[in-house]
Amino acid sequence: MTLEITTARPDPALLDLPWSTPLEDWPENVLAALPRGISRHVVRFVRWRSLVLAVKEIKADIADREYEMLRSLRRLEVPSVEPFGVVRGRSAGEDGPLDAALITQHLQFSLPYRALFSQALRPDTAVRLMDALALLLVRLHIEGFWWGDVSLSNTLFRRDAGAFAAYLVDAETGELHERLTDGQRAHDLDIAQVNIAGELMDLQAGGHLEGVDPLEVAASIIERYHLLWDELTATERFEAGDRWRVDERIRRLNDLGFDVDELSISTDLGGTELQIQPKVVDAGHHSRRLLQLTGLDVEENQARRLLNDLDSYVATTDQQAADEEIVAHEWLVKVYQPVTRAVPRGMASRLEPAEVFHEVLEHRWYLSERAGRDIPIEAALSDYLRTVLPAKPEEQDVVGVDTIEMPVIARPDSRAD
Amino acid sequence: MAALYNGSSGTFLPVKEGDDAMATVTFDNATRVYPGASKPSVDQLNIEIEDGEFLVLVGPSGCGKSTSLRMLAGLEEVNSGRILIGDRDVTNLSPKDRDVAMVFQNYALYPHMTVADNMGFALKIAGVDKPEIRKRVEEAAKILDLSPFLDRKPKALSGGQRQRVAMGRAIVRSPQVFLMDEPLSNLDAKLRVQTRTQIASLQRRLGVTTVYVTHDQIEAMTMGDRVAVLKDGILQQCDSPRRMYDHPANVFVAGFIGSPAMNLMEAPVTDGGVNLGGHTVPVERDAMKEAGKQVTLGVRPEDLEVAEDGQGLAVTVEVVEELGADAYIYGSTEQKLLAATGENAGEVPFIARVDGRRPPKKGALIHLTPKAGHVHVFNAESGLRIGD
Ligand SMILES: Nc1ncnc2c1ncn2[C@@H]1O[C@H](COP(=O)(O)OP(=O)(O)O)[C@@H](O)[C@H]1O
Ligand SMILES: Nc1ncnc2c1ncn2[C@@H]1O[C@H](COP(=O)(O)OP(=O)(O)O)[C@@H](O)[C@H]1O
Ligand SMILES: [Mg+2]
Ligand SMILES: [Mg+2]
């Protein structure tokens, strides 16, 4: 059998990876020791050119399916890992054929939940993770994606201005339809609740979870999901005179981070009552706007934070009448970049630039409150670089937490069965 | 039993005492049309599943298996028709009130939790108290030969044992009906065969009515008491594996069930039966009354004999697969639509099982005739089986 590689970025150097060796036995020198969630398949990270790739050993037909599914999800612009390729026709020579490999790009600055819980945590971390996961699930469901295996392990988290942004990592069981039914959505929620409860109880058993009730947190995903889903999809009725409620609904959705691309408005027969329902909503309200104004591509809450800072810059420099883009550029050069560029090289892989900026703003607020007066951002920055950032762990490619694999795959097993 | 697990992962409801509740399952013209779809994804499904029966729903991807299962679980609306569990019409009940357990396609084992906790944790979500959980876990462990491992961590187990822990997770729910949607699809070939046998024998021991979904006909045929074949949302046949194999109700089932697949070809009707390569295959006259001029003839690879006299179907051997006692030959034959005109419909692939001690050589031209009474005849237009 010959090795066959499908990838959108063909590069013969991919052939140099040890494909004829079972993934489990790949040599240390190609591997990157990054943390992973719980998985059934063998998953390893490899350093390759300037990238870190995640390699999962999996049956060929499932690998193809998952690859295509991840591509569709990227096209739909839902946060998910980027598929890189599929390697088929692997063989270990005498020892016979090997399963195929699905390759995805390692998501930089992403934190598997186990890594998050092994760090010193704010008490409400679990709650914030649920918020992020509920938002991800709502976005997936809006696009017609039934996940089939919603769990913390199958989600990656990135810091997002004090909150988290969730990314889908495992699309193996997913199905894409025009629109999901209520039953399909309920099924996913059901699966989510059981998986999350199990994962949190496991953390508890391992001594990594304190002051949190796994059952309560797991149940909260359902409630959070419904709140969000209803806000995004519910029909609202009001008196025809109360037209402001249309704008009000749009503003609420914007605040939640969604643009309304299509809204249906209808009146009843008498014309005394209006009825509105968002038809097409698009996540990324703040991040899109920030990207337009400044070219910065950051997470939604980070964007919200940055836009707020931009607003106050506009106000304090009295430029409300000026061209938005010109002022935004000025803010970028005079405020944002001086902060993010002040981070010494050696510490650059600890946090994403936008997260550093967010933390410096937080730090300034904290210092100002302690001092009882406004502290300039320059002072806050130097204090932050001296006292806060050096104590942070590396997060670009987090290393050194326990990584768990629990294969239920038949292989020559030394233990008695 | 004081409480039973209800819903796909829902809560416990007190149900009537005793295990004598009959958990039959009835799909009564059950139909599901997805919003925006032009035709039903499940179309007037009628199946009566007996108490304790292992029923397998099988068919190609997209034929409506998962939809049927979700309708039974209460996770998909039923647009018309009914679903009953025992005598209860559950069509409009919520998942929680149905006393069925959907077994997840994917499950994780948790490394820091004991085997017992790995099996019982979902019961905690359902609010079952600790002593009851322990009791059910111990019972399940006994059935699964996992008793000595209950207080260990899953890491200490072999692959097969881990698989059984996952099964234990379903058993402890003790529902009236188990629903399983392709639970083996991501296992490797070896473990798949092993687990298939385990699930089937476990189900028989537990005696819990089970509806099992797979796209793999071999899995269906080896596991089910009965097998229901679906295509495009329509039930094609529901029978025991034996009956399904020997009496496929139509051309689709004939081609779908069995591996290697049944040979299917068009053949002209003659006086005494059907003409196969100049050789008349006898078919009962009564049965042929409505057949018309032409039928679809099916012969399984193992129901063919090599004819030494040059009679029968001429097949050119392309590949010989030797399996010891038997050999499979993969070849092709010219399909003549009408014997009279010799009109040629082109080459069709043909598979036959022959004596493994003296298989023909690659490239040879051999003649094959069906064993008496082992042909399947189908109406060329409707595809429906003709005769017994
Ligand atoms: N592209 C990626 N970036 C970061 N982490 C990844 C990536 N792909 C996989 N992982 C990690 O590996 C773990 C297992 O991968 P997953 O696709 O869920 O395997 P399985 O199908 O066996 O569950 C995930 O929980 C995640 O932590
Ligand atoms: N939410 C949905 N909207 C529209 N069509 C759907 C939806 N979910 C499933 N379907 C369609 O219903 C049919 C049956 O699907 P399914 O029951 O999942 O099939 P199977 O399990 O046999 O692969 C398919 O054509 C599928 O695309
Ligand atoms: Mg996974
Ligand atoms: Mg399915």
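This section reports on the structure supplied with the text. (Residues numbered from 1 in each chain as written. Chains lettered and ligands numbered in written order. Predicted model: local features only at pLDDT ≥ 70, side-chain atom pairs only at ≥ 80, totals over all residues. Heavy atoms only, no water.)

### Digging into the overall build of chain B
This is how it is decided: Comment: elements are numbered from the N terminus, with helices defined as DSSP H or I runs of at least four residues and strands as E runs of at least two. Any residue under 20% of the maximum accessible area for its type is buried, any over 50% is exposed, and the rest in between are partly exposed; the area is computed with a 1.4 Å probe on protein chains only. Residue contacts are counted whenever heavy atoms from the two residues lie within 4.5 Å of one another. For the area figures, the Shrake-Rupley method with a 1.4 Å probe applies, and any residue is considered shielded solely by the protein chains shown.
Helix and strand counts for chain B stand at eight helices and 23 strands. Taken along its principal axes, the extent of the C-alpha atoms in chain B is 80 × 45 × 40 Å. By residue count, 55% of the 388 residues in chain B fall in the buried class. Restricting the contact set of chain B to residue pairs at least 6 apart, pairs at least 24 apart contribute 66%. When the accessible area of chain B is evaluated, it comes to approximately 16,800 Å², of which 50% is carbon and sulfur surface.

### Concerning the interface of chain A and chain B
Test applied: Buried area is a sum: the accessible area each of two parts loses on coming together, probed at 1.4 Å, counted once for each and added. Every case where a carboxyl oxygen of Asp or Glu lies within 4 Å of a side-chain nitrogen of Lys or Arg is listed as a salt bridge. What qualifies as a polar contact is a pair of N or O atoms within 3.5 Å, subject to a donor-acceptor requirement within protein and to the restriction that residues adjacent in sequence count only when both atoms come from side chains.
In this complex, chain A contributes 39 residues to the contact, which on the side of chain B involves 42 residues. Approximately 3,600 Å² of surface area, both sides summed, lies buried where chain A meets chain B, with 58% of it carried by carbon and sulfur atoms. Our enumeration of links across chain A and chain B arrives at zero salt bridges. There are six residue pairs in polar contact (both at pLDDT 80 or more) connecting chain A and chain B. With 15 residues, helix 4 (residues 182–205) of chain A is the largest single contributor of residues to the side of chain A that touches chain B.

### Concerning the sheet that holds strand 13 (residues 258–267) of chain A
Residue and element names in this part refer to chain A. Our working definition: DSSP bridges decide pairing: two strands pair if at least two such bridges lie between them. Note on geometry: axes are C-alpha line fits, over the in-contact stretch for helices, and angles between N-to-C directions span 0 to 180 degrees.
Here we have three strands laid out as an open sheet, ordered 12-14-13, and antiparallel in their pairing. Each edge of the sheet is formed by a strand with only one pairing partner; in this case those strands are strand 12 (236–239) and strand 13. If you compare each strand with its neighbour and ignore which way they point, the axes differ by 30° on average. Two strands pair when backbone bridges link them, and strand 12 and strand 14 (residues 273–283) are joined in this way by four bridges, in the antiparallel orientation. Along strand 14, the bridge assignment pairs Arg-237 with Gln-275.

### Observations regarding the side chain of Thr-7 of chain A
Residues and elements named next belong to chain A. On the secondary structure map, Thr-7 appears in strand 1 (residues 4–7). The class of Thr-7 is buried, set by a relative accessible area of 17%. There is a polar contact of 2.9 Å between the side chain of Thr-7 and the backbone nitrogen of Arg-9. A polar contact of 2.7 Å, which involves the side chain of Thr-7, links it to the backbone oxygen of Phe-84.

### Some remarks on the coordination of the magnesium ion (ligand 3)
Residue and element names in this part refer to chain A. Filter applied, for reference: The rule for donors is simple: N, O or S, within 2.8 Å of the metal, or within 3.2 Å if the metal is Na, K or Ca. Water isn't counted, so a site may look like it is missing partners.
Surrounding the magnesium ion (ligand 3) are the protein donor atoms Asn-154 (OD1) and Asp-170 (OD), at 2.0 to 2.2 Å. Remark: Asp-170 occurs in the loop between strand 10 (163–168) and strand 11 (175–176) and Asn-154 occurs in the loop between strand 8 (145–146) and strand 9 (155–160); sequence separation between them is 16 residues. You can call Asn-154 buried: its relative accessible area is 7%. Owing to a relative accessible area of 9%, Asp-170 belongs among the buried residues under this scheme.

### Thoughts on the packing of helix 10 (residues 353–371) of chain A against helix 11 (residues 377–387) of chain A
To describe two helices that pack against each other, one gives the angle between their axes and the distance between the axes. Residue and element names in this part refer to chain A. Worth spelling out the cut-off: Angle categories are assigned with fixed cut-offs, so that under 35 degrees is roughly parallel, over 145 is roughly antiparallel, 65 to 115 is roughly perpendicular, and the rest are oblique. Throughout this entry, Asp, Glu, Lys and Arg are counted as charged residues, while Ala, Val, Leu, Ile, Met, Phe, Trp, Tyr, Cys and Pro are counted as nonpolar. The remaining residues, Gly among them, count as polar.
Contact geometry of helix 10 with helix 11 gives a least axis separation of 9 Å together with a crossing angle of 105°. Overall, the two elements helix 10 and helix 11 adopt an arrangement that is roughly perpendicular. Two secondary-structure elements touch here, helix 10 through Val-356, Glu-359, Val-360, Leu-361, His-363, Arg-364 and Leu-367 and helix 11 through Ile-377, Ala-380, Leu-381, Asp-383, Tyr-384 and Thr-387. Its residues assigned to classes, the contact of helix 10 with helix 11 shows eight nonpolar, two polar and three charged.

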